[in-house]
Amino acid sequence: MRTNNPFFSVVVPVYNVDKFIRECLSSIQNQTFSDFEVILVDDGSTDESGEICDEYACGDSRFKVIHKANGGLVSARQAAMNVVTGNYVVPVDSDDVISEVYLETFRRAAENSPSVIICGYTVCSGELRKNVPVELSAGLYCRTDIEKKIFGRLFEDCHGKSIPVTQWAKAFKKKLLQSEQCLLNSSIRVGEDMAVVIPCLYRADSLYIINECLYFYNINPQSIMNEPKPYDWNQLRMRVNHYRERINLNEYDFYEQFCRSVTHSLFNCASSQFYSQRSYSETKENISLHLKEYDEILDNYNKTLLDYQACFEIISDEDKTDEGIAKYLDYCFEFVNYDEYNSINIPLWFEFSSTVYSFENAISGIWKRSIFAIIGAIVVYLLALPFICVSKISSFF
């Protein structure tokens, strides 16, 4: 019978992942470091996920299960925060896997008592593997180091770079994560990790970076996140309001970063509207209506930044091939008042135009071939014109 609190509380929200969850839970169970508890939150699963959770709890006293009505990822994590007892909370997604030395490595890093621990991860898609180490030097960062080396990319720097904003591949001191997780609106279902991680980093006294890739992020083709659909504008609105409440945007260059990040999110949200069943004109009107709400942010972003192409680079490959992007680019050309931005060293028009070449797949090959055919016909006609004129003059005489 355990008398002391465990060092780690591993939190796993679970919803309809019965095909993946055994591998996830086994990777946790087989850790070389054993002083941990696992809080499994079955968020109203309709498959066998809940039963599998119960099975692990029956066979291993470190596993505890909460069964609740479906309320989304935020509410599941909030339920876990009410019962965690460890010094650190370690979030793990239920369709991912961790290295057997994951917690052992985190425990060594925790000897320095950092507020947050971050490690690299590996993206897994079928047989493909891609390591993604943290783009910062490994080791301990005190508060001064965080302000100098982290705050410049807390939201997003001028190159579109940011600190990894997922909750997984991290450990948080319990009180820090509890306070931020429980303040988040449980209705937020897009960008919920970012809305917690950024305030945690903002308030962290120290940070420890591990560059080894110890977390295995599985791209699940059945995931709801992979379904193409229009984003809910209200999701972005709630996140924006949350950041305004939890972070002093007047400090450092946070407001500029904030505007940059929100503008990129606006682009993603706007481009996704073409997945709806509305007509192009209706979609365009819908986008215009919602963008007006962000006039101040868009105004600040466009007048202070020269890296608009970064927002295109952030869009997923799936979106890049969607013909809606081409329509949205057309719409951007109409929407932006270019005369306002003549003072920018690199005109906005040039930045939009330069990105079009990155989206050749979004433009039908038929259209491109048609354009070349028309140009070719015109060239042939112009070359033949002198001969036609000579022929007509000869026939006249």
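Remember, it's a predicted structure, so these values are computed and weren't measured experimentally.

Student: Outline the packing of helix H6 (residues 174-183) against helix H7 (residues 192-203), supporting the account with residue identities and numerical values.
Tutor: At a minimum axis separation of 9 Å, H6 and H7 run at an interaxial angle of 135°. Judged by the inter-axis angle, H6 sits oblique to H7. As for the relative orientation of H6 and H7, their crossing is right-handed in sense. Contacts between H6 and H7 pair Leu176, Leu177, Glu180 and Gln181 from the former with Val196, Pro199, Cys200 and Arg203 from the latter. When the residues that make up the contact of H6 with H7 are grouped by side-chain class, the tally is five nonpolar, one polar and two charged.

Student: Summarise the packing of H7 against helix H8 (residues 233-246); cite the residues concerned and give the values.
Tutor: Between H7 and H8, whose axes approach to 10 Å, the crossing angle comes to 15°. By the angle between their axes, H7 is roughly parallel relative to H8. In the packing of H7 onto H8, the handedness of the crossing is right-handed. Judged by residue contacts, Met194, Ala195, Ile198, Pro199, Tyr202 and Arg203 of H7 engage His242, Tyr243 and Arg246 from H8. For the contact of H7 with H8, the per-class residue count stands at six nonpolar, one polar and two charged.

Student: Pulling in residues and values, what's your account of the pairing of strand E2 (residues 36-43)?
Tutor: Counting buried positions over the eight residues of E2 gives eight, a clear majority of the element. The side-chain alternation of E2 yields two buried faces, one formed by Phe36, Val38, Leu40 and Asp42 and the other by Glu37, Ile39, Val41 and Asp43. Sheet analysis places strand E1 (residues 8-14) next to E2, joined by seven bridges and oriented parallel. If you follow Val10 over to E2, its bridge partner there is Val38. Read from E1 through helix H1 (residues 21-29) to E2, the crossover connection turns out right-handed. Note: E2 against strand E3 (residues 63-68), six bridges, orientation parallel. Note that in E3 the partner of Leu40 across the bridge is Val65. Handedness of the crossover is the feature at issue here: the chain leaves E2, passes through helix H2 (residues 49-59), returns alongside E3, and the resulting connection is right-handed.

Here is what the cut-offs are and how they apply
- Residues numbered from 1 in each chain as written.
- Predicted model: local features only at pLDDT ≥ 70, side-chain atom pairs only at ≥ 80, totals over all residues.
- Heavy atoms only, no water.
- Axes fitted to C-alpha atoms, helices over the stretch in contact; angles between N-to-C directions.
- Helix = DSSP H or I, 4+ residues; strand = E, 2+ residues; numbered from the N terminus.
- Parallel < 35°, antiparallel > 145°, perpendicular 65-115°, else oblique.
- Left-handed = near helix turned anticlockwise from the far one by under 90°.
- Contact = heavy atoms within 4.5 Å.
- Nonpolar A, V, L, I, M, F, W, Y, C, P; charged D, E, K, R; others polar.
- Buried < 20%, exposed > 50% of the residue type's maximum accessible area, 1.4 Å probe, protein only.
- Pairing = 2+ DSSP bridges.
- Right-handed = clockwise from strand over helix to strand, strands pointing away.

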